[in-house]
Every structure is written in structure tokens, then in C-alpha cells.
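Here are the chains, one letter per residue:
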Amino acid sequence: MVAAALALVVFAPSLAAESGLEYRVKAAFLFNFARFVEWPSNSFDNAAAPLHLCVLEPDPFGTTLDQTVADKTVDKHPLLLRRTARLSDTQGCHILFVSMDASEPLPEVLGALENRPILTVSEGDEFLRAGGIIGFVLDQGKVRFHVNLQAADGASLKISSKLLNVASRVYPSGDR
Amino acid sequence: MRSFTDLSLRHKLTLAILGTSAAAILLATASFVTYEWFTVRKAMVNDLATLAQIVGANTTAAVSFDDAVTARETLNALRAKPHIEVACIYSNVYGKNGSAFAQYARPGVTSKCPTQAPAPGHGFSTNALSLTRPIEVAQDTIGRIYIRQDLQGLWARLLLHLQVAAAVFLVGLLLALGLANLFQAIITRPLLALAGTARRVSETKDYSLRAPTAGQDEVGQLIDGFNGMLGQVEIRDRDLRKIHDKLQQQVVETGTANNDLEKALSRLKETQEQLVETEKMASLGGLVGGVAHEINTPVGVSVTAASTLKDSTTQVVENYNAGKLTDSGLRRYMETATQSSSIILNNLNRAAELIQSFKQVAVDQSNAERRRFQVDEYIHEILLSLRPTLKKTGHKIEVECDPAIAIDSFPGAFSQILTNLIMNSLIHAYDEGESGTLSIQVEQAKGHIQLCYADDGKGIPAHSHKQIFEPFFTTRRGAGGSGLGLHIVYNLTTQKMHGTINVESEAGAGTRFIITLPIDEKRHA
């Protein structure tokens, strides 16, 4: 089903020059992150509680993300897409995509989210240095990502070694 | 090449045991190898499936994030498994509809992965085991993993198993051969002894021999049975010999008895011949008597006439000397002389005629010469010789025969046959003082004549028809019957004249003899 859904995305991601395709791949990555990340058990009300995927506007995906997430579940948690412009509305989010063009400055955003079990995702290494967890990069026209393990630890998120294997770069955790 | 049937029992047993053992060992090792083969294959499939599962699970992230490099690195870990030839990851996501995403090939392997993902499952080819599994994340299938493994390990194991099986087979056969030699000796020794005894018995015919006994198994029972049989044969042989001896003695005794019997028989035949001769002489005597009687009359008349002539002549001579011869006296004398000499001449002629006839019959009767004779004339001559006998009885005799009929045969035998038949009728057919009619009919046919002799007397009862021609058969013994008359008729008809004789008669209806004689006896001799 997912395969079929992703198949709709079509075309090689290497053709990232086409912005629409790039964001279709990123949307799929966002969904896939959910599969390789473990949230603390108290972040869900119950085993079937929804997993909230939030986008801090402005949304660069258009309708792509809606299509990707539609009717999907991760470990019985149905995926729910939520768009918000205000940082205060990020309560209950499990994944938060921070748009590069967000009105709030990055340090503020990340400072507000610190120590909360939210997988923060944005674009570029800059984001990780500021305390974000996953940042998309373009490597030879292909969408790849970097991971900041220290930030993940701070957010009490366990990131699967498989995901780390796939990451182009991993910033190690400080105390481990 | 000798067939199995002709092999010695020893070899048969050895072959049977070896064959059975070989079959059993072959079956056992074959099942062992087959079982191992399938077990090993199944284990290989399971192992490969587990490996595919592990490798597949390790590539889920790489597939999910479209990272072929990481996927390839993961696959490269398979270097540690030298039997893996190739391994491939096929992706279903990011627009790759089951096309090859990452692949690994053992150095030196040229055949690569299929370009499109095969269906999940596994398959053996001659040299390889291929296996395809889905790659799943949560419940979603995002790709497939294909692994191919060479079968060197399988073949090596099979080879090892076959070697072990061959070794087991050889050792088993050797063991079976040893045991077979041991067992066959136990079984064949008494059998060979039995066969030897049987051969000696048939060679020497010595039924007192016995085979050595051996145990109570089937062979032992066979030997006991054989010995029992020998015992019975021995007893029977002894009995047979006794019976044989007795029989030989009986044969000797029978031979002696036979000799005695033959002697008695030849004496009997001599006696019979003597009797026949006597009978012939008697009939000749009768003939002579008949002749004497027949001639008596004319000679007696001649004597009377002669003495009358002599008396008349004496009277005439005395009268002449006394001168008293008268003219009338002379005339009377001349009448008497003429009459007397006429009577004498007639009667002597008659006597001469008779003698001539008798002479012929008598010569024929005592002679065995063959000549040609007129049947009718000869019958009359025979009847003439019988006239004195017949005259006393008053029987009438009718002869019916063409005077031209003549045969070339033995007239003596012919006259004796007719005489005996007539005498037989005279003696047997009529009571004292009774007179009947005897008839003789002769007819000529082609090459033979048929003579029917019949009387109208008492006849012969049917039960006696077969016996009348046998010697010494008579109903009138002690009353003149010798029992040889018809026997002589039969012998002369059939043996001397080469004819046939049959009798037709019924009690009270007369008797009829039908005699057939060849016209020319020589042709039938």
C-alpha cells in the first residue's frame, strides 16, 4: 500500500532540480522517519493514539504531504497532519517540520522545543548546529539527511541504527 | 554360461544370501542417502531463508530512504558466506517497480541477478539454490531480496554419503559372504551326504545303504524320509527277488508240463492218424466185401449154367457111346448148350464189368494220385461199389449231374468223401427198417463245382453243427460210429482238395452238406 502510494511519487529523486519532486521525496522521508524512531511511551495516550506530523508554516510541500500521509499508520498509530504558524500550537506534535521561511527565528523555535519528545526536521546543517535533530541536505542532486544524536538524546528519542546507517552524517551524542 | 538352475546348491545358497543382503543394504543406504539429500536441501533452504530475512531486515532503512550505497554495503557483508554467489535488493518505492536496487556478486561469478525481482519462493537448479523474499517494514512490502547459493556443499555431502554407502555396501557384502559360507556348509553338508548315498544306491543297487542322519530340520526330515523309503525299497526288492525265484521255478515246472502235454498231444495225433488209416482200411475192406458180394451172383449163375451144360454134355456123350443118341436128344442138347454158354458169357461179362469198376475205385482209394475224371461217371462207379450195402436198406438214390462236368483232382479223396457221407446217412439218419431218399446234385460254376449231398433223415441239432467235423465226435459210439467219418470228410475237402464244406440241418428236417471243389485243384495248391 505504501509502496503503491510512494510509487505515485514516481521519478528518480536525483532529478532534485525539479523542486516539486524534491519535496515529494522529502515528504516520503518524513513519513519514513516515523518508522525508524522510537518515542517515549508517555508521548502517546494509548497504543492506537494518532501520531502527529506537524509543519511549522509556511508549508513548502503543498498537497504532497497530505497525499503521502493519507490513511497511513506507524505501529498502529494513525498519522495526522497538522499545519500551524505558531510555535505555541506545536503541543502534542511528534514530528515537527520547520520551514526555512518560518517567521520565528530558529534558536527560539528550538529553545522552545528543547527536551520535548519531538523529532525536529528541517533543511541544512545550520539547523542541526542550532539543536535540530534531522536536517535534509542535497548530495549530488539526491536528497540525503544528517542526524544530530545529541539533540535526539535530549528529546528522549531513540533513533534506529538502521536510520543512522542511511544518514549521510551523524553528529554523535556528547555523553555517550 | 551355466544357468542358475545348474549351479550347485552351495553356490545357490551363497548367491541367495548375497543377493538378499545386497538388496537390503542397497535399500537401506539408498533410503539413507535419499533422506539425507532431502534433509540437507531443506536445511539449506531454511538457512538461506534466514540469511535473506536478516539481510533483508538490515536493508529496510536503505530501501526506505532510497540509499543504494548503504544497501550495497549491507549486502557486501555476505562475503563472509563463500557459498553465496549473488544477492540483490529490489525496490518497490520511489518509482522503482521491482527493479534491481543494489546487488552483490562473489568475485569470479559472472551470472548476475535477474533484472526484475523474481516471485517470492525458492528453486533448485543443477548448481544453485535461488531464494527470493519480500522486504517488509511494519506491514508494508517495500522490496524483495534475491539470494543465490552454489550447491558445492550439497554435492560434496552427497559424494561423502555415497562413499560411506559404498563402503557400507562392500563391508556388508563381505560380511554376508562370510556368513553365507558358514551357513551354506551347515545346510549343504547333510544334503551332499544324502546325494552321495543316493548315487551309491543307484550305482550299486545296494538298498541296505543309509544316509547319515542330521538333526530334525527339513533336511533331517528329508534324510529320514529317504532312509525310510530305502527301507521299503529294500523290503520290496527282497520280496520281488523271492517272487522272481518262485516264478522262475514255476516257469521251469510249466515248461516240463508243457513238454509232457506236447508229447501227449503228438501221441494223440499219431493215434488219430492210425485210427484214420484203420478207418480207410476198414472202408477198403467194406469195398472188397461189396465187390465179393456183387461178383458172387454172376459168377454163381455162370457156375450153375456151366454145371448144367456139363451135366447135359455128359448125358449126350454117354448116349452117343451107347449108340442111343437120338436126333431129338442132340437137338435138346444143342439148345441147352447155346442157352448155357449164352448165360455164362453174359454173367462173366457182367462180372468183368464189375471188377473193372471196383478196381478203379479201389485203386483210387488206396492211391493218392491226381487225375482228371468225369464227375457223373465216377459217382455212379462209387454207387456201384456201395450197392451191396445200399441194397439191404432199400434207400433210393437220386443223382443229378451234367455228364460233361469233369474236374482235375484226387478221385480217391472224392470217392471217400461221398462214401463217408452216404455211410454217415445210413448209420445216423434213419432208424432200423426205415428207408429214405438220398440226393446228389452237382452244378458247375466259374472255376469250381458245387456238390449238394442231402438226406431226408433225422437231421443234426443246431448245437452239434460245430462239432460234427471234430475228430471222435459221435452220437453212436459203441453202435458202429467211430467219430472219424465226417472229420475225414472235412480234412479231405479242405486240405486235400482245397475246397469248402458247410452243413445245413435241423432236427427232423434232413441234412444237407454243401461242398465246393475247385475244378483244377493244382491252381489252388
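Participant: With reference to specific residues and values, describe the overall build of chain B.
Facilitator: When helices and strands are counted, chain B shows nine helices and 12 strands. The 525 residues of chain B split such that 38% are buried. When contacts within chain B are restricted to residue pairs at least 6 apart in sequence, those whose partners lie at least 24 apart make up 67%. Accessible area of chain B: about 30,300 Å², with a carbon and sulfur share of 57%.

Participant: I'd love a proper account of unusual backbone geometry, names of residues and values included.
Facilitator: All names here are of chain A. That bond from E57 to P58 is cis: its omega, 10°, falls within 30 degrees of zero. Following the sequence through the fold, P58 ends up in the loop between β2 (51-56) and α3 (64-69). Even without a glycine there, the phi angle at D71 is positive, about 60°. On the accessibility criterion, D71 (73% relative accessible area) is exposed.

Participant: Run through the packing of aromatic side chains, naming residues and quoting values.
Facilitator: Tallied over the entire structure, the rule returns 19 aromatic pairs over all chains. Plain terms: the ring middles of F373(B) and Y378(B) are 5.0 Å apart, the flat faces sit at 50° to each other, and that makes the pair tilted. Given the relative accessible area of 2%, Y378(B) is considered buried. On the basis of an interplanar angle of 50° and a centroid distance of 6.3 Å, the ring pair of Y378(B) and F414(B) is categorised as tilted. With Y378(B) in helix α7 (residues 375-393) and F414(B) in helix α8 (residues 411-429), the pair connects residues that are 36 residues apart, well separated along the chain. An identical accessibility class is assigned to Y378(B) and F414(B); each is buried. One aromatic cluster is present, formed by F29(A), F33(A), F36(A), F136(A), F145(A), F65(B) and Y94(B) through successive ring pairs. Directly above the ring of F124(B) sits R41(B), whose terminal nitrogen or CZ lies 3.9 Å from the centroid.

Participant: Break down the confidence of the model for chain A for me, with residues and values.
Facilitator: As a general rule, the predicted coordinates of low-pLDDT regions are not to be interpreted in detail. Mean pLDDT over chain A works out to 82, with 88% of the residues at or above the 70 mark. Within the model, pLDDT remains below 50 along residues 1-17 of chain A, and this stretch shows 36 contacts once partners closer than five positions in the same chain are excluded.

Participant: I'd like a description of the environment of S99(B), backed by residues and values.
Facilitator: All names here are of chain B. Residue placement: S99 occurs in strand β2 (residues 99-105). Sequence spacing of S99 and P114 is 15 residues, and the spatial spacing of their C-alpha atoms is 9.1 Å. The contacts of S99, once residues within four sequence positions are left out, are I89, Y90, S91, T115 and Q116.

Parameters and conventions
Residues numbered from 1 in each chain as written. Chains lettered and ligands numbered in written order. Predicted model: local features only at pLDDT ≥ 70, side-chain atom pairs only at ≥ 80, totals over all residues. Heavy atoms only, no water. Helix = DSSP H or I, 4+ residues; strand = E, 2+ residues; numbered from the N terminus. Buried < 20%, exposed > 50% of the residue type's maximum accessible area, 1.4 Å probe, protein only. Contact = heavy atoms within 4.5 Å. Areas by Shrake-Rupley, 256 points an atom, 1.4 Å probe, with all protein chains shown as cover. Phe/Tyr/Trp six-rings, centres within 6.5 Å; stacked < 30°, edge-to-face > 60°. Lys NZ or Arg CZ within 6 Å of the ring centre and 35° of its normal. pLDDT = per-residue confidence, 0-100.

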